[in-house]
Amino acid sequence: MSVRGNIEGLSQVMIQRLESSYDITVERGQVINVQLAQEMAAITHATNKEIAVYLDRRGKVLHVAVGNGDTVPLDEISVRRGHRRLSGVRCIHTHPGEDGDLSPADLAALEIMRFDCMVALGILKNGSIGTIGLGFLELKASEPVTRKMVLTGLRELTEYDYLTDVEEIEKSGDPLFPVDQKSVQEKALLVALQTEKDNQTTLESLHELAQLAVSAGLAVLGKDLQKRSRPDAATYIGQGKAQEIQLAAQAQGADVVIFDDELSPAQQRNLAELIGVKIIDRTMLILDIFAQRAWSNEGKLQVELAQLKYLLPRLTGQGTALSRLGGGIGTRGPGETKLEVDRRRIRKRISDLEHRLETVRKVRNIHRRRWEAMELPVVALVGYTNAGKSSIMNCLTGAGVLVEDQLFATLDPTTRIVELPGHRSFLLTDTVGFIRKLPHHLVAAFRATLEETMEAGLLLHVIDGSNDQVDEHILAVHQVLTDLGVMGKPMISVINKIDLIDSDGTLARLLHRVDHGVAVSARKKMGIDQLLQQIGEMLPQPLTLIRVLIPFKKASLVTALHDYGRVINERYSAEGIEMEAYVDQRMKGMLEREGLLTD
Ligand SMILES: Nc1nc2c(ncn2[C@@H]2O[C@H](COP(=O)(O)OP(=O)(O)OP(=O)(O)O)[C@@H](O)[C@H]2O)c(=O)[nH]1
Ligand SMILES: [Mg+2]
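Residues numbered from 1 in each chain as written. Chains lettered and ligands numbered in written order. Predicted model: local features only at pLDDT ≥ 70, side-chain atom pairs only at ≥ 80, totals over all residues. Heavy atoms only, no water.

As recorded by an unreviewed UniProt entry, the protein carries the name GTPase HflX and is attributed to Formimonas warabiya. Annotation of the protein in UniProt includes, under Subcellular location (unreviewed entry), the sentence "Cytoplasm". The UniProt entry for the protein carries the following comment under Sequence similarities (unreviewed entry): "Belongs to the TRAFAC class OBG-HflX-like GTPase superfamily. HflX GTPase family." (UniProt positions renumbered as here; feature names shortened; annotations may be inferred.)

Here it is, written out as structure tokens:
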């Protein structure tokens with residue numbers, strides 16, 4: 001992680017100290033901790049320069065920057081800014097030799113960048129921290145308002161519960177708050193190609209593309225549809241249509257044109273040349289959303305890897321930066337950072353990421369074994385994105401998983417214990433939703449994440465029964481499940497959002513179409529008991545850990561154990577085969593009757 005801003009004249013030692021600040025993590029909910037604040041004060045004292053640190057809500061340092069004494073180099077700081085909300089990033093900077101009262105420039109920065117909060121640490125002549133300025137942006141009024149206060153010491157700041165302020169600001173935020181949309185949101189034109197006679201599918205897919213664009217924080221200016229028997233190899237939609245789009249993009253001030261299919265590297269290049277604005281395809285858009293949403297270490301690594309593998313063939317010429325893209329959508333990496341765009345460095349980064357993923361996976365396997373050791377059956381939620389998987393998870397567990405009317409709200413698997421009546425429990429896993437034309441890079445990247453799903457004993461297929469496209473969605477999910485090789489698993493079809501279905505016929509038709517259907521509304525908490533009951537009926541038997549000694553003449557039991565149980569250990573000895581395995585009650589009873597259990 002490199003230090004930003006004006007580092008000229010700084011000694012190597014100071015630069016190194018600044019770089020090490022990236023490694024400091026602040027506890028979630030704390031504005032800053034003593035260690036980081038004191039390090040900033042010490043460096044400011046030694047260099048007489050303004051130091052700024054940008055942190056996300058999880059307490060991770062995103063950027064460290066050096067100002068020239070009175071300004072923070074804001075333009076170098078990239079933060080995510082959807083509409084309505086604050087940026088999720090806070091800025092903490094020092095005022096060398098001054099008090100911490102926030103200056104008009106500080107407040108302007110707070111407003112422009114929509115920081116969660118702005119903090120100025122006044123650094124006294126002797127290098128210690130004096131007064132501290134703390135400012136918040138209010139989204140209530142029609143005009144942005146900043147609110148500032150002065151704290152008298154570091155302790156007051158480290159104990160300040162800023163997240164509560166932030167949550168309140170976001171909650172009370174006027175949805176019509178006129179955040180400078182022009183500077184915040186990129187404006188997009190959407191284009192789809194219709195190759196078949198029937199345009200219904202194309203239209204629906206285009207509609208979904210618009211939802212994806214909004215999920216990515218874009219403003220959609222308009223949609224366009226081009227009919228052709230097949231895509232043009234060079235320009236996808238044909239040269240004439242491209243020119244038409246160029247005019248429309250210019251007239252409407254579009255920043256980006258998004259195509260509803262994966263473009264070849266050549267098509268993307270040619271279209272960028274013809275249309276003159278940034279060109280993004282469906283895959284890149286989905287990757288961008290994933291990049292913004294992934295929060296676990298593994299999720300981030302997976303997404304960045306998928307992004308880079310997608311980007312690599314699209315960079316023209318050796319070592320050329322992807323400057324055509326400028327900033328914004330398509331260049332955003334996981335965790336508020338910008339994607340690497342230098343070919344040589346990308347290759348290195350890819351192998352780095354692969355290596356690190358391997359390590360993370362090993363750790364995750366250990367975690368999973370810990371769950372397994374609890375001998376609980378695993379139930380996995382699957383379904384089309386936005387079907388209500390996380391809502392159902394919350395209904396069943398009160399897990400507080402992020403629920404949003406957005407595509408791909410959930411990226412990383414969450415696992416919780418659910419208790420059934422009669423003291424039986426199971427593990428419930430919520431995971432990434434599926435979508436039509438899911439980029440294959442992503443399916444590959446998320447295969448590991450979906451392993452939980454693949455190993456579940458029961459699947460809950462959550463279906464948004466109120467969606468016009470419900471049949472296509474069911475098919476798309478079945479397709480992915482088939483690809484993952486889990487279509488044969490026991491599955492409950494959970495028809496959700498029945499509060500939005502107005503005709504009884506629709507629900508009856510759906511229930512008739514699926515196996516083991518249960519109608520629920522996660523929002524209205526309807527049908528949840530029936531769902532739990534159905535789960536109870538279909539839940540695989542709980543597994544128990546057993547140890548057996550199988551004599552050689554009964555060696556066929558070894559195969560049976562591998563097929564129907566989960567073998568942990570297997571050792572050949574003089575008396576036979578010693579095995580340690582998780583098995584269900586039926587299997588255990590059988591082995592017991594054979595007199596093979598060893599303890
Ligand atoms: N009316 C209604 N809305 C619901 C119901 N269940 C969920 N929703 C809404 O549907 C939207 C998506 O819900 P989520 O639970 O985030 O869906 P998800 O399947 O986890 O979505 P991703 O994680 O994005 O794949 C949210 O706005 C929910 O409030 C329901 O029973 N009725
Ligand atoms: Mg979800």
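## Describing the overall build of the protein
Within the protein, the secondary structure is distributed over 20 helices and 20 strands. Taking all 599 residues of the protein together, 52% fall into the buried category. When contacts within the protein are restricted to residue pairs at least 6 apart in sequence, long-range pairs at least 24 apart make up 67% of them. Surface accessibility of the protein: about 27,400 Å² in total, with carbon and sulfur atoms responsible for 50%. (Helix = DSSP H or I, 4+ residues; strand = E, 2+ residues; numbered from the N terminus. Buried < 20%, exposed > 50% of the residue type's maximum accessible area, 1.4 Å probe, protein only. Contact = heavy atoms within 4.5 Å. Areas by Shrake-Rupley, 256 points an atom, 1.4 Å probe, with all protein chains shown as cover.)

## Description of the sheet that holds strand 9 (residues 219-227)
Strand order in the open sheet formed by 4 strands is 9-8-10-11, and the pairing between neighbours is parallel. Two strands bound the open sheet, and with one partner strand each, they are strand 9 and strand 11 (278-281). Neighbouring strand axes in the sheet, compared pairwise and without regard to direction, differ in orientation by 25° on average. Direction of pairing for strand 10 (residues 256-259) relative to strand 11: parallel, over a ladder of 4 bridges. Pairing of Ile-258 across the sheet is with Ile-280, part of strand 11. The strands touched by helix 10 (residues 282-293) are strand 10 and strand 11; relative to strand 11, the strand with the most contacts, the crossing angle is about 85°. (Pairing = 2+ DSSP bridges. Axes fitted to C-alpha atoms, helices over the stretch in contact; angles between N-to-C directions.)

## Details of the pattern of salt bridges
A full pass over the atoms with the stated rule returns 24 salt bridges. Residue Asp-165 pairs with Arg-147 through a salt bridge whose shortest N-O separation is 3.3 Å. Residue Asp-165 is located in helix 5 (residues 162-172), and its partner Arg-147 is located in strand 7 (residues 145-151); the two are separated by 18 residues in the primary sequence. On the basis of relative accessible area, Asp-165 is assigned to the buried category, the value being 14%. (Salt bridge = Lys/Arg side-chain N within 4 Å of Asp/Glu carboxyl O.)

## Focus: the sheet that holds strand 6 (residues 129-138)
Backbone-to-backbone hydrogen bonds pair the strands of a sheet. The strands run either parallel or antiparallel. Here we have 7 strands laid out as an open sheet, ordered 1-3-2-4-5-6-7, and mixed in their pairing. Taken across any chain shown, the strands that pair with only one partner, and hence form the sheet edges, are strand 1 (4-5) and strand 7. Where strand 2 (residues 51-56) and strand 3 (residues 61-66) come together, 5 bridges link them in antiparallel fashion. Residue pairing in the sheet places Leu-55 in a bridge with Val-61 of strand 3.

## As for the environment of Leu-427
Tracing the sequence through the fold places Leu-427 in strand 14 (residues 424-430). Note on Leu-427: relative accessible area 2%, which makes it buried. It is 8.2 Å that separates the C-alpha atoms of Leu-427 and Ala-380, two residues lying 47 residues apart in sequence.

## Some thoughts on the confidence of the model for the protein
It should be kept in mind that the predicted coordinates are not to be read in detail where pLDDT is low. Summarising the model, the protein shows a mean pLDDT of 82, and 84% of its residues fall at 70 or more. Per-element mean pLDDT across the protein ranges from 46 in helix 6 (residues 181-184) up to 96 in strand 16 (residues 491-496). Below a pLDDT of 50 lies the segment residues 69-73, which in the model reaches 11 contacts outside its immediate sequence neighbourhood of four places, other chains included. Counting contacts from residues 176-183, a segment whose pLDDT is below 50, to residues more than four positions away or on other chains yields 9 contacts. Interface predicted TM-score (ipTM) for the complex: 0.98; the corresponding pTM is 0.58. (pLDDT = per-residue confidence, 0-100.)

## Focus: the nonpolar core
Side chains of a nonpolar character, in soluble globular proteins, are inclined to be buried together. Formed by 55 residues in total, the largest nonpolar core has its most connected members in Leu-36, Val-119, Leu-121 and Leu-157. Setting aside residues no more than four positions away along its own chain, Val-119 makes contact with Val-31, Cys-91, Ile-92, His-93, Leu-102, Ile-132, Gly-133, Leu-134 and Leu-157. (Core = buried A, V, L, I, M, F, W, Y, C linked by side-chain atoms within 4.5 Å.)

## A closer look at the packing of aromatic side chains
Throughout the structure, instances matching the rule amount to 3 aromatic pairs. With a centroid separation of 5.8 Å and an interplanar angle of 40°, the aromatic rings of Tyr-54 and Phe-115 are classed as tilted. Highlighted residues: Tyr-54 in strand 2 and Phe-115 in the loop between helix 3 (104-113) and strand 5 (118-123), separated in sequence by 61 residues. Residue Tyr-54 shares its accessibility class with Phe-115, and that shared class is buried. Seen from their ring centres, Tyr-236 and Phe-259 are 5.9 Å apart, and the 85° between their planes marks the pair as edge-to-face. Pair noted here: Tyr-236 is in the loop between strand 9 and helix 8 (239-252) and Phe-259 is in strand 10, with a separation of 23 residues, a long-range link. This pair shows no difference in class: Tyr-236 is buried, exactly as Phe-259 is. Over the aromatic face of Tyr-310 sits the side chain of Arg-314, whose NZ or CZ is 3.8 Å from the ring centroid. (Phe/Tyr/Trp six-rings, centres within 6.5 Å; stacked < 30°, edge-to-face > 60°. Lys NZ or Arg CZ within 6 Å of the ring centre and 35° of its normal.)

## Here's the deal with the packing of helix 8 against helix 9 (residues 265-275)
With their axes 8 Å apart at the nearest point, helix 8 and helix 9 run at an angle of 50° to one another. Compared by their axis directions, helix 8 and helix 9 come out oblique. Where helix 8 crosses over helix 9, the handedness of that crossing is right-handed. Of the residues in helix 9, those in contact with Gln-239, Ala-242, Ile-245, Gln-246 and Ala-249 of helix 8 are Leu-271, Leu-274 and Ile-275. For the contact of helix 8 with helix 9, the class distribution of residues is 6 nonpolar, 2 polar and no charged. (Parallel < 35°, antiparallel > 145°, perpendicular 65-115°, else oblique. Left-handed = near helix turned anticlockwise from the far one by under 90°. Nonpolar A, V, L, I, M, F, W, Y, C, P; charged D, E, K, R; others polar.)

## A few points about unusual backbone geometry
Excluding glycine, residues mostly have negative phi values, and the peptide bonds linking residues are mostly trans. Look at Asn-48: it is not a glycine, yet its phi comes out positive at around 60°. Tracing the sequence through the fold places Asn-48 in the loop between helix 2 (34-47) and strand 2. Unlike most non-glycine residues, His-516 shows phi in positive territory, near 45°. Position of His-516 among the secondary structure elements: in the loop between helix 17 (504-513) and strand 17 (517-519). A relative accessible area of 44% places His-516 in the partly exposed class.

## A word on the pairing of strand 14
Across the 7 residues that make up strand 14, a large majority, 6, are buried. Note that strand 12 (residues 378-383) and strand 14 share 3 bridges and pair parallel. Its bridge partner being in strand 14, Ala-380 is matched across the sheet by Thr-429. Here strand 13 (residues 414-420) runs beside strand 14; their pairing, made up of 7 bridges, is antiparallel. Pairing of Glu-419 across the sheet is with Ser-425, part of strand 14.

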